[in-house]
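What follows is the residue order along each chain.
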Amino acid sequence: MSSKKKSIPNVTKAGGLPESKGHRQAKVRMQRALEVAASTPASDIPVGAVIYAPDGTELATGVNRREHLADPTAHAEVEAIRAAVRALGDSWRLEHCELVVTLEPCAMCAGAAQAARIGSVVFGAWEPKTGACGSLVDVLRAPGALFVPEVRAGVSEAQCQELLRDFFQNLRTTPRK
C-alpha cells in the first residue's frame, strides 16, 4: 500500500468532508452575485442579488440603488424580485426560484422574498446590525410564517465581506465634497 494520501475532489477546508453539489452550485451562483454587486452605483453600498428560475437559468439581477434613486426600498433584493416578476410575466409568485445575495437580507428584503414565495435564499456576508435571516432577527423562519424558504448562509462569506470592507474603507478615506 502506498503511503501517499489520496486527493479527494471537492473537499472543504474545514473538516475534510466532501462538498455537496448544492454548496458547489451556491458558490458558483454567489460569484455571479459578486459580479453584479460590482455594478452598484458608486454612492451605494455594493450588494448584488441574482434570482434563478427553477431550471437554473438566471431570471433577474439587482443592485442597491437606494442613494442613487433616493428610494429607501431600492435594495438589491427588491430590485431583483421586481425584475424577476416582470421576466416571468405570469404571476408575482417566484415559487421554486432561488435568490442569491451578497449580504444577509434586511427585514424588508426578507419579507419581500417571503411574500414572493421564493423557494430558497442564499447569502454571503452576515449583517449583525440589520440582518433578518438569523443575525438580528429571523423573518424567514419566524413562528407562524405561512411560507418558509430554505436558507443557506455564509456562502463565499470572505469575498462578500471583503467587498463591503473595501467600500467602507474607501468611504472613510475619500474626502467628502
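What counts as what
- Residues numbered from 1 in each chain as written.
- Predicted model: local features only at pLDDT ≥ 70, side-chain atom pairs only at ≥ 80, totals over all residues.
- Heavy atoms only, no water.
- Helix = DSSP H or I, 4+ residues; strand = E, 2+ residues; numbered from the N terminus.
- Buried < 20%, exposed > 50% of the residue type's maximum accessible area, 1.4 Å probe, protein only.
- Contact = heavy atoms within 4.5 Å.
- Areas by Shrake-Rupley, 256 points an atom, 1.4 Å probe, with all protein chains shown as cover.
- Pairing = 2+ DSSP bridges.
- Right-handed = clockwise from strand over helix to strand, strands pointing away.
- Axes fitted to C-alpha atoms, helices over the stretch in contact; angles between N-to-C directions.

### What to know about the overall build of the protein
- Looking only at helices and strands, one finds 5 helices and 5 strands in the protein.
- The buried share of the protein, taken over its 177 residues, is 38%.
- Put simply, 55% of the contacts in the protein that link residues at least 6 apart link residues at least 24 apart.
- Roughly 10,400 Å² of accessible area belongs to the protein as shown, and the carbon and sulfur atoms make up 54% of that amount.

### Notes on the pairing of strand β4 (residues 120-125)
- Most of β4 sits out of view: 6 of its 6 residues are buried.
- With 5 bridges joining them, strand β3 (residues 98-103) and β4 adopt parallel strand pairing. By the bridge assignment, V100 is partnered in β4 with V122.
- At this point the chain moves from β3, through helix α4 (residues 107-115), to the parallel β4, and the crossover so formed is right-handed.
- In this structure, β4 lies alongside strand β5 (residues 150-152), joined through 3 bridges in parallel fashion.

### Observations regarding the sheet that holds β3
- One open sheet accounts for 5 strands, arranged β2-β1-β3-β4-β5; its pairing is mixed. Looking at which strands have only one partner, the edges of the open sheet turn out to be β2 (58-63) and β5. Ignoring strand direction, the axes of neighbouring strands in this sheet form an average angle of 15°.
- Against the sheet, helix α1 (residues 21-37) touches β1 (48-52), β2, β3, β4 and β5, its axis set at about 60° to β3.

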